[in-house]
Amino acid sequence: MLENYYRELVCFLNAKLGNRQVAEDVVHDAYLRVLERSSDTPIEQPRAFLYRTALNLVIDDHRRNALRQVESLDVLDSEERYFTPSPHNSLDHGQRLDMLQRALAELPRLCRESFLLRKIDGLSHPEIAGQLGISRALVEKHIVNAMKHCRVRMRQWDAP
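Residues numbered from 1 in each chain as written. Predicted model: local features only at pLDDT ≥ 70, side-chain atom pairs only at ≥ 80, totals over all residues. Heavy atoms only, no water.

(A) Structural context of the overall build of the protein. In terms of helices and strands, the protein carries 8 helices and 0 strands. N-terminal to C-terminal, the α/β element order of the protein is α-α-α-α-α-α-α-α. The buried share among the 160 residues of the protein stands at 29%. Sequence-distant contacts, at least 24 apart, represent 61% of the contacts inside the protein between residues at least 6 apart. Of the accessible surface of the protein, which amounts to about 10400 Å², a share of 54% is contributed by carbon and sulfur atoms. (Helix = DSSP H or I, 4+ residues; strand = E, 2+ residues; numbered from the N terminus. Buried < 20%, exposed > 50% of the residue type's maximum accessible area, 1.4 Å probe, protein only. Contact = heavy atoms within 4.5 Å. Areas by Shrake-Rupley, 256 points an atom, 1.4 Å probe, with all protein chains shown as cover.)

In structure tokens:
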């Protein structure tokens, strides 16, 4: 149901941001946020909820960038040391990466390749469509389905 709003939301954000690639990334992140919701309460207005989530992500990113511009390099350097993962966290990160790779391996080839070409190689939807010989709409559907699948599998594997 949410997939129906994908293209519309990308066009809306592209008009606001002036960059289609950034708009697609924000929409992907918004879909992830909506799919990650822990509430069991159904969303009454999914279109409005998705738009609000995407706009909040844009606002949050803008605020972060504005803050970053006034921070000194010393603060950024100390933050980097602070956020360097401990060996234990690195192992957990490595395990999560393995889980993600397993989840991706379960996907059909075109779905997996669409997702990887977008998220790893940074290709646009038209570029992916051209490379894989499929429509842009199918590329969008594959990427959303891959994100859903990975989210579900990660939750299953994370459960105690």
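(B) Main features of the nonpolar core. If you look at the biggest cluster of nonpolar residues, it comprises 32 residues, and the most contacted ones within it are Leu 9, Leu 13, Val 27, Tyr 31, Leu 50 and Ile 128. Only α1 (6-17), α2 (20-36), α3 (46-70), α5 (87-105), α6 (109-119), α7 (125-132) and α8 (136-158) provide two or more residues apiece to this core. With residues near it in sequence (within four places) discarded, Leu 9 still touches Val 27, Leu 50, Tyr 51 and Ala 54. (Core = buried A, V, L, I, M, F, W, Y, C linked by side-chain atoms within 4.5 Å.)

(C) Quick look at the confidence of the model for the protein. Confidence in the prediction for the protein averages 77 pLDDT; 78% of positions are at 70 or higher. Mean pLDDT values for the elements of the protein range from 42 in helix α4 (residues 73-83) up to 93 in α7. Counting interchain partners and residues more than four positions distant, the pLDDT-below-50 stretch residues 70-91 has 5 contacts. (pLDDT = per-residue confidence, 0-100.)

(D) Geometry of the packing of α7 against α8. One way to put it is that α7 packs onto α8 with a least axis distance of 8 Å and a crossing angle of 105 degrees. Judged by the angle between their axes, α7 and α8 are roughly perpendicular. Here α7 contributes His 125, Pro 126, Ile 128 and Ala 129 to the contact with α8, which in turn contributes Arg 136, Val 139, Glu 140 and Ile 143. Counted by class, the contact of α7 with α8 contains 5 nonpolar, 1 polar and 2 charged residues. (Axes fitted to C-alpha atoms, helices over the stretch in contact; angles between N-to-C directions. Parallel < 35°, antiparallel > 145°, perpendicular 65-115°, else oblique. Nonpolar A, V, L, I, M, F, W, Y, C, P; charged D, E, K, R; others polar.)

(E) Focus on the side chain of His 28. In this fold, His 28 is placed in helix α2. His 28 sits in the buried class, given a relative accessible area of 0%. Setting aside anything within four residues of it in sequence, one finds His 28 in contact with Tyr 6, Arg 118, Lys 119, His 125, Ile 143 and Met 147.

(F) Main features of the pattern of salt bridges. One pass over the structure, following the stated rule, counts 8 salt bridges. Salt-bridge contacts for Asp 25 lead to Arg 118; the nearest nitrogen and oxygen are separated by 2.7 Å. Pair noted here: Asp 25 is in helix α2 and Arg 118 is in helix α6, with a separation of 93 residues, a long-range link. Here Arg 118 falls in the buried class, since its relative accessible area comes to 3%. As a salt-bridge pair, Glu 140 and Arg 136 come within 3.8 Å of each other at their nearest N and O atoms. Note that Glu 140 and Arg 136 are positioned in helix α8 at a spacing of 4 residues, about one turn of the helix. Residue Glu 140 is classed as buried on the basis of its relative accessible area, which comes to 6%. In the salt-bridge network here, residues are joined through shared partners; they are Arg 20, Glu 24, Asp 25 and Arg 118. (Salt bridge = Lys/Arg side-chain N within 4 Å of Asp/Glu carboxyl O.)

(G) Representation of the state of the cysteines. Summed over all chains, the structure comprises 0 disulfides. The structure places no disulfide on Cys 111, whose sulfur is separated from the nearest cysteine sulfur, that of Cys 150, by 8.3 Å. In this structure Cys 111 comes out as buried when scored by relative accessible area, which is 4%. (Disulfide = S-S within 2.5 Å.)

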